[in-house]
Amino acid sequence: MFDLNNIIRPNIKALKPYSCARDEFKGEASVFLDANENPYNAPFNRYPDPLQWSVKERIAEIKGVAKESIFLGNGSDEPIDLMYRAFCEPRVDNVVAINPTYGMYEVCADINDVEYRKVELDENFQFSAEKLLAKADEHTKVMWLCSPNNPTGNLLQSTEIEKLLQAFNGIVVVDEAYIDFAETVSFSCKLNQHPNLIVLQTFSKAWGSAAIRLGMAFASKEIISVLNKIKYPYNVNILTQKQALELMSNADKVADWVKTLKGERCKLIDELQNLEIVKGIYPTDANFVLTKVKDANATYAHLVSKGVIVRNRNSVSLCGNCLRITVGTPEENEILLKELKTLK
Ligand SMILES: *Cc1c(COP(=O)(O)O)cnc(C)c1O
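Since the structure is predicted, the reported quantities are computational estimates derived from the model, not experimental observations.

Asks: Any chance you could explain the overall build of the protein here in plain terms?
Replies: A count of helices and strands for the protein gives 13 helices and 11 strands. The C-alpha atoms of the protein give 22 Å as radius of gyration, which agrees with the globular expectation for 344 residues (20 Å, within 12%). Projected onto its principal axes, the C-alpha coordinates of the protein cover approximately 70 × 50 × 30 Å. In the protein, which comprises 344 residues, the share counted as buried stands at 50%. In the protein, the proportion of contacts linking residues at least 24 apart, taken out of those at least 6 apart, comes to 68%. Within the structure as shown, the protein displays about 16,800 Å² of accessible surface, and the carbon and sulfur contribution to it stands at 50%. Counting 40 positive and 45 negative side-chain charges, the protein places the averaged centre of each group 2 Å from the other.

Asks: Just checking my understanding: could you explain the site of the ligand for this structure?
Replies: If you check the shell around the ligand, you find 14 residues, and the closest are Tyr178, Thr202, Ser204, Lys205 and Arg213. Between the ligand and Lys205, the relevant distance is 3.3 Å, taken from an oxygen atom to a side-chain nitrogen or oxygen of the residue. When the ligand sits alone it has 390 Å² of accessible area, and the protein chains cover 94% of it. Of the residues assigned to the shell around the ligand, the class counts are 5 nonpolar, 5 polar and 4 charged.

Asks: Got a minute to help me understand the packing of helix 12 (residues 296-305) against helix 13 (residues 330-341) in this structure?
Replies: Relative placement of two packed helices is described by the angle separating their axes and the distance separating the axes. Contact pair helix 12 / helix 13: the axes reach a minimum separation of 10 Å and the direction vectors enclose 125°. Compared by their axis directions, helix 12 and helix 13 come out oblique. Between helix 12 and helix 13 lies a crossing whose hand is right-handed. From helix 12, Thr299, His302 and Leu303 reach across to helix 13, where they touch Leu336, Glu339 and Leu340. For the contact of helix 12 with helix 13, the class distribution of residues is 3 nonpolar, 2 polar and 1 charged.

Asks: Looking at this structure, I do not really get the nonpolar core. What am I missing?
Replies: Side chains of nonpolar character tend, in soluble globular proteins, to be buried together. Ranked by size, the top nonpolar core spans 49 residues in total, and within it Ile59, Phe127, Leu132, Leu145 and Phe203 carry the most contacts. Filtering out sequence-adjacent residues up to four positions away, Phe127 remains in contact with Ile98, Leu121, Leu132, Leu145, Leu156, Gln157, Glu160, Ile161 and Leu164. Ile8, Phe71, Met83 and Ile230 belong to the second largest nonpolar core, which has 34 residues in total.

Asks: Would you explain the sheet that holds strand 11 (residues 322-326) in this entry?
Replies: Working definition: the strands of a sheet are paired by backbone hydrogen bonds and lie parallel or antiparallel to each other. One open sheet holds the 4 strands; their spatial order is 8-9-11-10, and the pairing between them is antiparallel. With one partner strand each, in any of the chains shown, strand 8 (278-281) and strand 10 (311-312) form the two edges of the open sheet. Sheet topology note: the strand 9 (residues 288-293)/strand 11 ladder contains 5 bridges and is antiparallel. Each bridged residue has a counterpart across the sheet, and for Phe288 the counterpart in strand 11 is Thr326. Across the sheet, helix 12 lies against strand 9, strand 10 and strand 11, angled at about 35° from strand 11, the strand it touches most.

Asks: Looking at this structure, how should I read unusual backbone geometry?
Replies: Peptide bonds are, in most cases, trans, and in most cases residues other than glycine have a negative phi. The omega torsion across Asn99 and Pro100 is 0°, close enough to zero to call that bond cis. With respect to the helices and strands, the residue Pro100 is situated in the loop between strand 2 (94-99) and helix 6 (104-111). Residues Ser147 and Pro148 are joined by a peptide bond in cis, for which omega reads -5°. In this structure, Pro148 sits in the loop between strand 4 (140-146) and helix 8 (158-167). One non-glycine residue, Arg91, adopts positive backbone phi at about 65°. Relative to the helices and strands, Arg91 resides in the loop between helix 5 (77-87) and strand 2. We note that Leu318 has phi near 70°; this positive angle belongs to a residue other than glycine. Here Leu318 is to be found in the loop between strand 10 and strand 11.

Asks: Mind showing me how you'd approach the environment of Asn154 here?
Replies: You can see Asn154 is positioned in the loop between strand 4 and helix 8. It is 5.3 Å that separates the C-alpha atoms of Asn154 and Asp285, two residues lying 131 residues apart in sequence. Once you skip the residues sitting within four places of it in the chain, Asn154 turns out to touch Asn124, Phe125, Gln126, Pro148, Asn149, Pro283 and Asp285. There is a polar contact of 3.0 Å between the side chain of Asn154 and the backbone oxygen of Phe125. Of the polar contacts made by the side chain of Asn154, one reaches the side chain of Thr152; its length is 2.5 Å.

About the thresholds
Residues numbered from 1 in each chain as written. Predicted model: local features only at pLDDT ≥ 70, side-chain atom pairs only at ≥ 80, totals over all residues. Heavy atoms only, no water. Helix = DSSP H or I, 4+ residues; strand = E, 2+ residues; numbered from the N terminus. Rg over C-alpha atoms; globule rule 2.2 N^0.38 Å. Buried < 20%, exposed > 50% of the residue type's maximum accessible area, 1.4 Å probe, protein only. Contact = heavy atoms within 4.5 Å. Areas by Shrake-Rupley, 256 points an atom, 1.4 Å probe, with all protein chains shown as cover. Lys, Arg positive; Asp, Glu negative; His and termini not counted. Charge placed at Lys NZ, Arg CZ, Asp CG, Glu CD. Near = heavy atom within 4 Å. Polar contact = N/O pair within 3.5 Å; in protein donor to acceptor, adjacent residues only side chain to side chain. Nonpolar A, V, L, I, M, F, W, Y, C, P; charged D, E, K, R; others polar. Axes fitted to C-alpha atoms, helices over the stretch in contact; angles between N-to-C directions. Parallel < 35°, antiparallel > 145°, perpendicular 65-115°, else oblique. Left-handed = near helix turned anticlockwise from the far one by under 90°. Core = buried A, V, L, I, M, F, W, Y, C linked by side-chain atoms within 4.5 Å. Pairing = 2+ DSSP bridges.

Structure follows, in structure tokens:
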């Protein structure tokens with residue numbers, strides 16, 4: 001049985017969190033002399049809402065998740081790091097992750113001095129719950145999944161994710177940074193069935209807002225409380241909160257971007273298939289395409305010399321001679337293809 005109490009580090013369990021002025025007084029008032037703010041330069045003079053309730057209320061409506069089940073951070077990177085700090089005792093505990101996947105899970109493990117155990121995906125870039133469980137021991141606190149996965153682009157099989165959620169007594173993270181580009185529902189609809197599930201989403205991809213740094217974690221209220229307890233008090237600034245609200249008042253625009261990008265993804269795949277240097281294109285549920293070419297290093301170098309930057313994944317396991325190409329505007333994709341056509 002999963003018991004959050006067995007997962008939280010003892011120092012975090014015992015922690016008395018910093019109490020900020022805005023935590024102590026919640027209500028209507030007209031004179032605020034409690035936080036040593038400057039009364040001039042409104043609205044930037046005031047500390048922002050530490051729990052970002054107005055932003056969470058809108059996200060709750062859009063995503064169908066209770067607002068108490070939402071954590072907001074400085075990009076997804078913040079909740080990723082906080083999970084190590086909340087659940088993993090340095091040099092004692094470990095985590096298990098699929099491989100290859102998003103690089104930040106391992107970087108944050110290294111920063112926090114937590115052992116990072118990798119389990120290779122199969123030739124279809126799918127994982128086996130059994131293999132992940134076999135890699136775990138009594139010190140395994142978190143398992144990292146990413147679906148659609150980066151850099152492979154595919155959705156992971158939901159039956160295997162379910163199996164892992166059922167069988168593993170620690171936290172299972174499903175990073176859904178690219179979910180809006182996939183034809184599937186989010187695992188966030190399963191939060192009530194799985195007290196050990198954390199779903200990550202972000203404003204950086206489909207929502208077109210990588211610059212504002214806003215990441216979301218969806219989980220049980222109990223898990224969200226732990227993350228809130230250890231985050232910096234004002235971790236999401238007022239400019240980011242305002243910009244997110246503005247964007248969410250115009251959700252149709254986001255839906256249009258996604259539709260356009262899915263169309264462009266389809267065209268790009270068609271065109272790539274006809275190129276002499278392209279040896280294969282992997283199925284994608286994201287806004288990028290993993291492509292195997294004759295010589296990834298040479299192709300990458302040529303593109304760079306022409307001012308076109310893609311991601312060379314040649315040295316990543318299972319991705320030999322692969323380039324990860326983000327879907328751009330029709331004009332950008334045209335320029336990429338024009339350059340690739342000159343190569344033999
Ligand atoms: C891009 C990406 C993110 C987004 O990270 P932010 O810090 O929110 O910008 C998260 N996870 C994966 C797998 C990604 O590829």
